[in-house]
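Summary of structural features
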Amino acid sequence: MNLDREAFMKAMLIMVLLLFCSQIYGDKNESIEFVTSAYEPYVIENNNEASGIFPDLITSVFSRFSVNVKFQFQPWTRCEELVKEGKAFATFPYVINAERTKSFNFSEPIIYFFPKFFYLKANFPDGFNWHTLKDFQPYVIGGVLGYWYESAFKEQEVNVHYATSDIQNIYKLMNQRIDFTLIDELVGWRLIDQAYPRHRRSFAVAPKPESANTFHLMISRQFVHNQKLTEQFNKGLAYIKADGTYQRIFRRYGVPMEYATSW
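Turning our attention to the pairing of strand β4 (residues 68-73). In β4, alternate side chains face the same way, and those of Val-69, Phe-71 and Phe-73 are buried while those of Asn-68, Lys-70 and Gln-72 on the opposite face are not. Note that strand β1 (residues 31-36) and β4 share six bridges and pair parallel. Its bridge partner lying in β4, Thr-36 is registered against Phe-73.

With that settled, consider the pattern of salt bridges. One side chain can pair with another of opposite charge once the charged atoms of both are near each other. Tallied over the entire structure, the rule returns eight salt bridges. Of the charged contacts in the structure, one is a salt bridge between Arg-252 and Asp-56, with a shortest N-O distance of 2.7 Å. In this pair, Arg-252 sits in helix α8 (residues 245-252) while Asp-56 sits in helix α2 (residues 53-63), placing the two residues 196 residues apart along the sequence. The salt bridge partner of Glu-185 is Lys-116, with a shortest N-O separation of 3.1 Å. Here the residue Glu-185 occupies a position in helix α6 (residues 185-195), and Lys-116 occupies one in strand β8 (residues 115-120), the gap between them amounting to 69 residues. The residues Glu-185 and Lys-116 share a single accessibility class, namely buried.

Scoring rules and cut-offs
Residues numbered from 1 in each chain as written. Predicted model: local features only at pLDDT ≥ 70, side-chain atom pairs only at ≥ 80, totals over all residues. Heavy atoms only, no water. Buried < 20%, exposed > 50% of the residue type's maximum accessible area, 1.4 Å probe, protein only. Helix = DSSP H or I, 4+ residues; strand = E, 2+ residues; numbered from the N terminus. Pairing = 2+ DSSP bridges. Salt bridge = Lys/Arg side-chain N within 4 Å of Asp/Glu carboxyl O.

See the structure below:
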């Protein structure tokens, strides 16, 4: 009788441990929810399916912990709301700034990005060089709601017309409704090739980047087990850098390794 009771208690302990592990690490029937928006080549949307550098890296990292991931596409401002409310684990790609650190946690740096000001060559035939954001005060810049630069533009009293996506600003630029738009250089040229493949030479970029920053996951403080999942992601990111997966994903999307963070 005592043996039966001991066996029963061991079985119950195993069940509890398995349940605990499934809650922490996930299982084949559970997924971690991410929210994002199209931002090629970092995030590519095709019939609501996600690919690109970030989705591929995230999937590769969490597969090492047997954790499934789901990606939902939303406007950037909605992404922030869902993560802040704990309805999604994280959104990406995001840079860290003082305002965001009040409400969110962040992963280790995943990739560099180099945002630059795009313009039409016809408007600046001799090119355009700038030193501070105040140099843009005579012009109209096309911005995207929810992007990292909103507070800086406001502080420098730059005239910004906001849209909900970068592609809208490429259209506005071509139609001369704005003078500049600030986009990561890789993203900007991808959008131009999609929107105006025969007019690529009509566009140019100011050589000086607005910043040389890093992209991260922006993580919910309300999501269940957010700290454990963040630790897993950071460890898994280091692992895929060491085994070459990280570099293979870069090559898959034609991204120069100068965009890679250290490994």
